[in-house]
Number of protein chains: 2
Amino acid sequence: MSENNAPSAEKVVPVTEQPPAEGEKGPSKSALKKAAKEKEKAEKAAKRKAAEEAQKKEQESNDVSKEDYGDLGVLGQGSKLPSKDQVPRVSLAQLEKWFQDTSKAEEEGGPQVVISSLVVENARNQSAKLSFLTFSDSNYSIQAVVAASETVSRQMVKFSGSVPTESIVQVHAVVKKPNEPVNSTSIKNLELHIKKIYVVSRAISQLPVQVADARRAVPSEDAPAEQEASQGERPLVSLNTRLDNRVIDLRAEQNQAILDIKDGVVRLFQEFLWARGFKLAQTPKMLGAATEGGASVFELGYFGQKAFLAQSPQFYKQMLVSARRKRVMEVGPVFRAENSNTARHLTEFTGLDMEMAFEEDYHEVISLLEELMLHIFDGLKTQYKTETDLVRTVYNVPEFKLPEAGKVPRIPFWEAVAMLREAGVEIGDYDDFSTPQEKRLGQLVLEKYGTDFYVVDKYPLEVRPFYTMPSAETLASYDPANPNKGYTNSYDFFMRGQEIMSGAQRIHNAEYLEQRMKEHPSHANPKEEGFKDYIDAFRYGCPPHAGGGLGLERIVMLWLGLPNIRLATTFPRDPGRVRP
Amino acid sequence: MSENNAPSAEKVVPVTEQPPAEGEKGPSKSALKKAAKEKEKAEKAAKRKAAEEAQKKEQESNDVSKEDYGDLGVLGQGSKLPSKDQVPRVSLAQLEKWFQDTSKAEEEGGPQVVISSLVVENARNQSAKLSFLTFSDSNYSIQAVVAASETVSRQMVKFSGSVPTESIVQVHAVVKKPNEPVNSTSIKNLELHIKKIYVVSRAISQLPVQVADARRAVPSEDAPAEQEASQGERPLVSLNTRLDNRVIDLRAEQNQAILDIKDGVVRLFQEFLWARGFKLAQTPKMLGAATEGGASVFELGYFGQKAFLAQSPQFYKQMLVSARRKRVMEVGPVFRAENSNTARHLTEFTGLDMEMAFEEDYHEVISLLEELMLHIFDGLKTQYKTETDLVRTVYNVPEFKLPEAGKVPRIPFWEAVAMLREAGVEIGDYDDFSTPQEKRLGQLVLEKYGTDFYVVDKYPLEVRPFYTMPSAETLASYDPANPNKGYTNSYDFFMRGQEIMSGAQRIHNAEYLEQRMKEHPSHANPKEEGFKDYIDAFRYGCPPHAGGGLGLERIVMLWLGLPNIRLATTFPRDPGRVRP
């Protein structure tokens, strides 16, 4: 054990026990007898422990490498590693390049390195004189050898081969070429010959889930039977168990890749919009009133009053446009209290929102949003190819097909209806699509246009919220007896037949907005307190504007073809899950 | 009035009234009499209206420019502007450059432009033949002239001079050099001579707050009397009234600049950390248990159960580090149910959080955070100079002083205590600083080191949360009888004597974490359900790590020296405010 000023947790004196509370009875005879027995037992145990420790001490005094291995204390410091001047610090990612550059200069035996933060993937005692370990760091892994020698004791060999999987270690090692390439690691032509090894953080030996289990695909809801039938394998760990132990589950390489891609989508979203004059906004998530249907909104206590969690930043984005912020974007949580237990619903997800004043027509906004999505897809294809391919080795899904020459099909609603009818689907002129109809439409669009990404434009008035701007034609043919007939300046964006964004031109005229609230099937009451600030924003002069909200997790799920949105969520929330 | 297919809101037939419910009594005699009177009145009004409309029609038929002005309909389209091929679209920002480039080619009378989305800053009828308007767009403004002529009617002149302030208009105009430079606008050497003008969005004439009022400074809480005493001015509109009408308040140029700076801080934060391998995370905001003190946490209903709003993403950032995400950052809302009604507290603010595994010492993390802040300050100084200067013309605050040669003072806690004592402040060795003490320390550091930005390191064990890693010295001299004595590996970052970030090395050893929970003055119970996932994360092998959380609004407030954090918040939330 290395010397370490910091006490390890086990050595720390426990908090003293409470004395019996006043008024309690004294102990009975049988209790006294029992206590005497326990005392005897404790004394025996103490003797045994003392003997063990004495033996251990003797062993240690005979241990030539006792300073060269062991568990570090609470602080994770105190190892006897050589200084940076003596031995360079090299990460696993840099190791191969570093070896090429330095090995020529320093031939005898091989160059030495110190590597920190290595994960123990595997450790085994081959014999009393030889242990093998596999270390990893991000996507790199390497084999390590601990061989008994004049400077490496058998105790150290035994210790090394027994470090639990998933522990974190620091090593000082000689880097050598192995006799044969190592097949099981990413670094195949180098090996670490350990001189010192310290456990920085010791994992428990019985993990609730194995990372190996987390590396396997979660079966699709559509085809669970097929996937579970694969023979000879260990039974799949359920998604629920994996999510219960998400800290381990996320360690699987494809899950790391999914999180990297998520980070990438946000970066690509922001960089595209920043370059076009958009500014990030942070709109409030706690609202004084539930403005978008009370059933699907979370209610919270707010200093003796009620408040509600924002289901969308839309009203605030619009108010910012009225506040002379012509182009706003937001990346933030969105809360939906819908009791939907499906593979594509969450109660909390990440919204990528934008809203903008346009000059002459809302199609300016659709065009910009199409370009935005193509920018994201292009970035994923070029900058996240490794990550995408890695996930595809686990989830065997067809590649995401992009439109040729960047021409995104923009299909008017009535044309989408006609396509579905032609394919034998029954649907009314003004009916919203059901989920199966949307998926069917996705197949039809893929067949006709060869793309998994497309836009449906001009949704019917009665299936869109009250604030949606009717189309010019609908406004021109307004019939007060049938005020919800016709189409709107609104649009949905789709990936693989699933909606990733809903957007629209919004009504920017306060009086007309009030009228639409009353006319709309939802019969929203413009007098309701929650609407006042929103409607007022349009009394103060507000340019025509449109926007939309993308679901980050949806984009990632559908880009990769994942079978469940939870796999694209760091710590998912659904009606049955609020932890971890 | 321009022709427009879309009906304007006023013309729309209202929803028909309900017939009396069954079983109701018939009307009484006096009611009948009253009804007859009302009928007569309505008939008279209808006659008067018809006469007015006839007169208006006649006037319109005599109006040579009746197609060239008016209010657009609900859609904001339908103006009779020349096409893009005929007359170029130019924004106010581009106008001066564009004029230089084109005016030579097109001499006679001056070049023509179409400009959309102009805000009417001011409009007045100079005479029956002449109106003046001031238009603005972002930080640009220009004077416009509407003069009666063969093609411009007196009706159009009158209409133009009466457009309410803050309305949005589209114009077709000839650009000319004025006889004398215009002093009141940002574009002084050009003037618009209007050919067509359409109101896209008409503001109400009585705004609840004037933008002119919003352009004035909000007085500091420390010195309200002094500032209110300025003579001859209109009384200041209270901050509360301004926040009630935040959509108008935000239109003031210094508020636009504040929001631009906020956007900039987020961009600078992310770009610095992305370049160093950090990845954005989205951690959940709805938690199954309140882990950080029940009193200051918001509680919500969650499908028949309770859930809580996250007070910090810290536990989840740490769990992500354990999940092999070595460097994570997050930009997201943070919720604090503290009943603090001060100029520097909010119940919802934007956290800029980071957490990272380090190699050998937590000072690696402090160094990176110091560099991060210097990167942000440098970006603000160079890229946001205009915005910073603009805000400083309103809030007369000394410039923010940066440390010389990038050397940030990193003051050990005991040294800060000594500095305060030397200045006559009474404080115990292990007492946390009070707000006045922090401010005093800020003055002392400014005097000694010449900087408004500095770090205090190694806070006492008893004033930091249970998960804070004790210092090596404290661990070495552990005394079970006095387990909360000593210092920690924790730090606060300060701007102008106010804390902008709290951070620390965290305990990454599960057993020791449980011990600290019991020992700590807060007596957190490790058996409590909310802690299980957190503690377990450290049983699976987790590298030593540290991090911190910055308050976005605090940084902006203190960079600019604003007197109130609400001024740096888009739509602020405090115990008394959840709207707009």
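Being a predicted model, the structure only gives us computed values, none of them experimental.

**Notes on the sheet that holds strand β12 (residues 348-357) of chain A**
Adjacent strands of a sheet pair through backbone hydrogen bonds, lying either parallel or antiparallel.
All names here are of chain A.
(1) Moving on: Taken together, eight strands build an open sheet; the order of strands is β7-β11-β12-β17-β16-β15-β14-β13 and the sheet is mixed. Taken across any chain shown, the strands that pair with only one partner, and hence form the sheet edges, are β7 (279-280) and β13 (410-412).
(2) Moving on: Inspection of the sheet shows β13 paired to strand β14 (residues 453-457) by three bridges, in the parallel sense. Paired with I411 across the bridge in β14 is V456.
(3) Moving on: Of the strands in this sheet, β7, β11 (327-335), β12 and β17 (545-551) are in contact with helix α8 (residues 253-274), which crosses β11 at around 155°.
(4) Moving on: Lying on the sheet, helix α13 (residues 435-449) is in contact with β13, β14, β15 (490-495) and β16 (498-506); it crosses β14 at an angle near 115°.

**Focus on the side chain of N245 of chain A**
(1) Moving on: Inspection of the secondary structure puts N245 of chain A in the loop between α6 (239-244) and α7 (246-249).
(2) Moving on: By relative accessible area, N245 of chain A is classed as buried at 15%.
(3) Moving on: From its side chain, N245 of chain A meets the backbone oxygen of T241 of chain A in a polar contact 3.0 Å long.
(4) Moving on: If we ignore the near neighbours within four places in the chain, the residues touching N245 of chain A are P208 and V209 of chain A together with Y540 of chain B.

**Some words on the pairing of strand β6 (residues 191-201) of chain B**
Regular strands place their side chains on alternate faces of the sheet.
Residues and elements named next belong to chain B.
(1) Moving on: Counting buried positions along β6 gives nine out of 11 residues, so the element sits mostly inside the fold.
(2) Moving on: In this sheet, β6 lies alongside strand β4 (residues 140-147) in parallel orientation, the contact comprising three bridges. What sits directly across from A144, in β6, is L192.
(3) Moving on: Here strand β5 (residues 168-176) runs beside β6; their pairing, made up of nine bridges, is antiparallel. By the bridge assignment, Q170 is partnered in β6 with Y198.

**Observations regarding the nonpolar core**
(1) Moving on: Of all hydrophobic cores here, the largest spans 121 residues; its most connected members are Y491 and F493 of chain A together with Y491 and F493 of chain B.
(2) Moving on: Sequence-distant contacts of F493 of chain A, defined by excluding residues within four places in its chain, comprise I366, L369, E370, M373, F453, Y454, V455, Q498, E499, I500 and M501 of chain A.

**So, the interface of chain B and chain A**
(1) Moving on: Across the contact, 113 residues belong to chain B and 114 residues belong to chain A.
(2) Moving on: Across the chain B to chain A interface the summed buried area is about 9,700 Å²; carbon plus sulfur atoms make up 59%.
(3) Moving on: Summed over the shared surface of chain B and chain A, the result is 12 salt bridges.
(4) Moving on: Between D533 of chain B and R579 of chain A there is a salt bridge, and its shortest N-O distance comes to 2.6 Å.
(5) Moving on: The tally of links from chain B across to chain A stands at 54 residue pairs in polar contact (both at pLDDT 80 or more).

**Structural notes on helix α8 (residues 253-274) of chain B**
(1) Moving on: The terminal C-alpha atoms of α8 of chain B lie 31 Å apart, and with 22 residues this matches the ideal 32 Å at 1.5 Å per residue to within 8%.
(2) Moving on: α8 of chain B sits mainly inside the fold: 20 of its 22 residues count as buried.

**Here we look at the sheet that holds strand β14 (residues 453-457) of chain B**
(1) Moving on: Taken together, eight strands build an open sheet; the order of strands is β7-β11-β12-β17-β16-β15-β14-β13 (chain B) and the sheet is mixed. For this open sheet the edge positions go to β7 (279-280) and β13 (410-412) of chain B, each flanked by a neighbour on one side alone.

**Concerning empty space enclosed by the protein**
(1) Moving on: This structure, assessed with the given rule, holds five cavities of 30 Å³ or more.
(2) Moving on: There is about 500 Å³ of room inside the largest cavity.
(3) Moving on: Breaking the lining of the largest cavity down by element, the ones donating at least two residues are α8, β11 and β12 of chain A together with α8, β11 (327-335) and β12 (348-357) of chain B.
(4) Moving on: Among the residues forming the lining of the largest cavity, the class breakdown is 16 nonpolar, 14 polar and 12 charged.
(5) Moving on: In this structure, the second largest cavity occupies an estimated 70 Å³ of space.
(6) Moving on: Lining the second largest cavity are 13 residues, and of these F358, E359 and P544 of chain A together with Q170 and V200 of chain B lie nearest its centre.
(7) Moving on: Contributing elements (two or more residues each) for the lining of the second largest cavity: β2 (112-127) and β5 of chain B.

**Some remarks on the relation of the copies chain B and chain A**
(1) Moving on: At an RMSD of 0.1 Å, chain B and chain A line up after a rotation of 180° and a shift of 0.0 Å along the axis. Within this description, the copies of the chain are treated as partners about a two-fold rotation axis. By C-alpha distance to the rotation axis, the residue of chain B lying nearest is L300 of chain B, at 2.0 Å.

**Notes on the confidence of the model for chain A**
Regions with low pLDDT carry predicted coordinates that are not meant to be interpreted in detail.
All names here are of chain A.
(1) Moving on: When pLDDT is averaged across chain A, the result is 90; 92% of the residues are at 70 or more.
(2) Moving on: The model gives residues 1-24 a pLDDT under 50, and that stretch makes 38 contacts with residues more than four places away or in other chains.
(3) Moving on: Prediction confidence for the complex, expressed as pTM and ipTM, is 0.89 and 0.89 respectively.

**Regarding unusual backbone geometry**
(1) Moving on: Omega for the bond connecting R579 of chain A with P580 of chain A falls within 30 degrees of zero, at -5°, which places this linkage in the cis form.
(2) Moving on: The topology assignment puts P580 of chain A in the segment after α17 (552-560).
(3) Moving on: Of note in this structure, S138 of chain B is not a glycine but carries a positive phi near 50°.
(4) Moving on: If you trace the backbone, S138 of chain B turns up in the loop between β3 (130-137) and β4.
(5) Moving on: In this structure, H523 of chain B is a non-glycine residue whose phi angle is positive, near 45°.
(6) Moving on: Its place among the elements puts H523 of chain B in the loop between α15 (510-519) and α16 (529-536).

**Notes on the packing of aromatic side chains**
Two aromatic rings are characterised by how far apart their centres lie and by the angle between their planes.
(1) Moving on: What the rule picks out here adds up to 46 aromatic pairs over all chains.
(2) Moving on: Relative to W559 of chain A, the ring of F400 of chain A lies with its centre 5.4 Å away and its plane at 45°, an arrangement referred to as tilted. Within this pair, whereas F400 of chain A is found in the loop between α11 (385-394) and β13, its partner W559 of chain A is found in helix α17, the two being separated by 159 residues in sequence.
(3) Moving on: When the centroid spacing of 4.7 Å and the interplanar angle of 65° are considered together, the rings of W414 of chain B and Y487 of chain B count as edge-to-face. Of the two residues, W414 of chain B is situated in helix α12 (residues 413-422) and Y487 of chain B in the loop between α14 (472-476) and β15 (490-495); the sequence distance between them amounts to 73 residues.
(4) Moving on: Residue classification places W414 of chain B among the partly exposed residues on the basis of a relative accessible area of 41%.
(5) Moving on: Its relative accessible area of 16% is what places Y487 of chain B among the buried residues.
(6) Moving on: Counting every residue linked through ring pairs, the aromatic cluster contains Y362, F377, F400, F453, Y491, F493 and W559 of chain A.
(7) Moving on: Here the basic side chain of R392 of chain A rests over the ring of W559 of chain A, its NZ or CZ set 5.9 Å away from the ring centre.
(8) Moving on: The side chain of R464 of chain A reaches across the aromatic face of Y459 of chain A, ending 4.3 Å from its centre.

**Section: the pairing of β16 of chain A**
All names here are of chain A.
(1) Moving on: Counting buried residues along β16, seven of its nine residues qualify, which places the element largely inside the surrounding structure.
(2) Moving on: Sheet topology places β15 next to β16; six bridges connect them, and they run antiparallel. For D492, the partnering residue across the bridge sits in β16 and is S502.
(3) Moving on: Counting the residues between successive antiparallel strands, the hairpin from β15 to β16 contains two residues, one of them, R496, with a positive phi of roughly 50°.
(4) Moving on: Of the pairings in the sheet, the one linking β16 to β17 comprises six bridges and is antiparallel in character. Bridge pairing in β17 links A504 to G547.

**Remarks on the pattern of salt bridges**
Pairs can form between side chains of opposite charge once their charged atoms are near each other.
(1) Moving on: As enumerated under the stated definition, the model contains 65 salt bridges over all chains in all.
(2) Moving on: As a salt-bridge pair, K326 of chain A and D137 of chain B come within 2.6 Å of each other at their nearest N and O atoms. Of this pair, K326 of chain A sits in the loop between α9 (314-322) and β11 while D137 of chain B sits in strand β3, on two different chains.
(3) Moving on: Looking at K326 of chain A, the relative accessible area reads 29%, which means it is partly exposed.
(4) Moving on: Residue D137 of chain B is classed as buried on the basis of its relative accessible area, which comes to 10%.
(5) Moving on: Each of E511, E514, K532, D536 and R539 of chain A takes part in salt bridges that share partners, so that together they form one network.

**Brief notes about the packing of helix α10 (residues 363-383) of chain A against α11 of chain A**
Residue and element names in this part refer to chain A.
(1) Moving on: Two elements in contact, α10 and α11, have axes whose closest approach is 5 Å; the angle formed by their N-to-C orientations is 80°. The angle between α10 and α11 falls in the class roughly perpendicular. Contacts between α10 and α11 involve L380, K381, T382 and Q383 from the first element and K385, E387 and T388 from the second.

**Observations concerning the packing of α8 of chain A against α11 of chain A**
Packed helices, taken two at a time, are described by the angle their axes make and the gap between the axes.
All names here are of chain A.
(1) Moving on: Between α8 and α11, the least distance of the axes is 9 Å, while the angle of their chain directions is 140°. Comparing the axis directions of α8 and α11 gives the class oblique. Handedness of the α8/α11 crossing: left-handed. Here E253, Q254, A257, I258, D260 and I261 of α8 come into contact with α11, specifically with E387, T388, L390, V391 and V394.
(2) Moving on: Of the residues in the contact of α8 with α11, the class split is six nonpolar, two polar and three charged.

Cut-offs and rules
- Residues numbered from 1 in each chain as written.
- Chains lettered and ligands numbered in written order.
- Predicted model: local features only at pLDDT ≥ 70, side-chain atom pairs only at ≥ 80, totals over all residues.
- Heavy atoms only, no water.
- Pairing = 2+ DSSP bridges.
- Helix = DSSP H or I, 4+ residues; strand = E, 2+ residues; numbered from the N terminus.
- Contact = heavy atoms within 4.5 Å.
- Axes fitted to C-alpha atoms, helices over the stretch in contact; angles between N-to-C directions.
- Buried < 20%, exposed > 50% of the residue type's maximum accessible area, 1.4 Å probe, protein only.
- Polar contact = N/O pair within 3.5 Å; in protein donor to acceptor, adjacent residues only side chain to side chain.
- Core = buried A, V, L, I, M, F, W, Y, C linked by side-chain atoms within 4.5 Å.
- Buried area = accessible area lost by both parts, 1.4 Å probe.
- Salt bridge = Lys/Arg side-chain N within 4 Å of Asp/Glu carboxyl O.
- Expected span 1.5 Å × (residues − 1).
- 1 Å grid on protein atoms, 1.4 Å probe; cavity = no way out; pocket = protein on both sides within 12 Å on 5 of 7 lines; lining within 4 Å.
- Points joined across faces, edges and corners; volume = space filled by probe spheres on them.
- Nonpolar A, V, L, I, M, F, W, Y, C, P; charged D, E, K, R; others polar.
- Least-squares fit on C-alpha atoms with pLDDT ≥ 70 in both.
- pLDDT = per-residue confidence, 0-100.
- Phe/Tyr/Trp six-rings, centres within 6.5 Å; stacked < 30°, edge-to-face > 60°.
- Lys NZ or Arg CZ within 6 Å of the ring centre and 35° of its normal.
- Parallel < 35°, antiparallel > 145°, perpendicular 65-115°, else oblique.
- Left-handed = near helix turned anticlockwise from the far one by under 90°.

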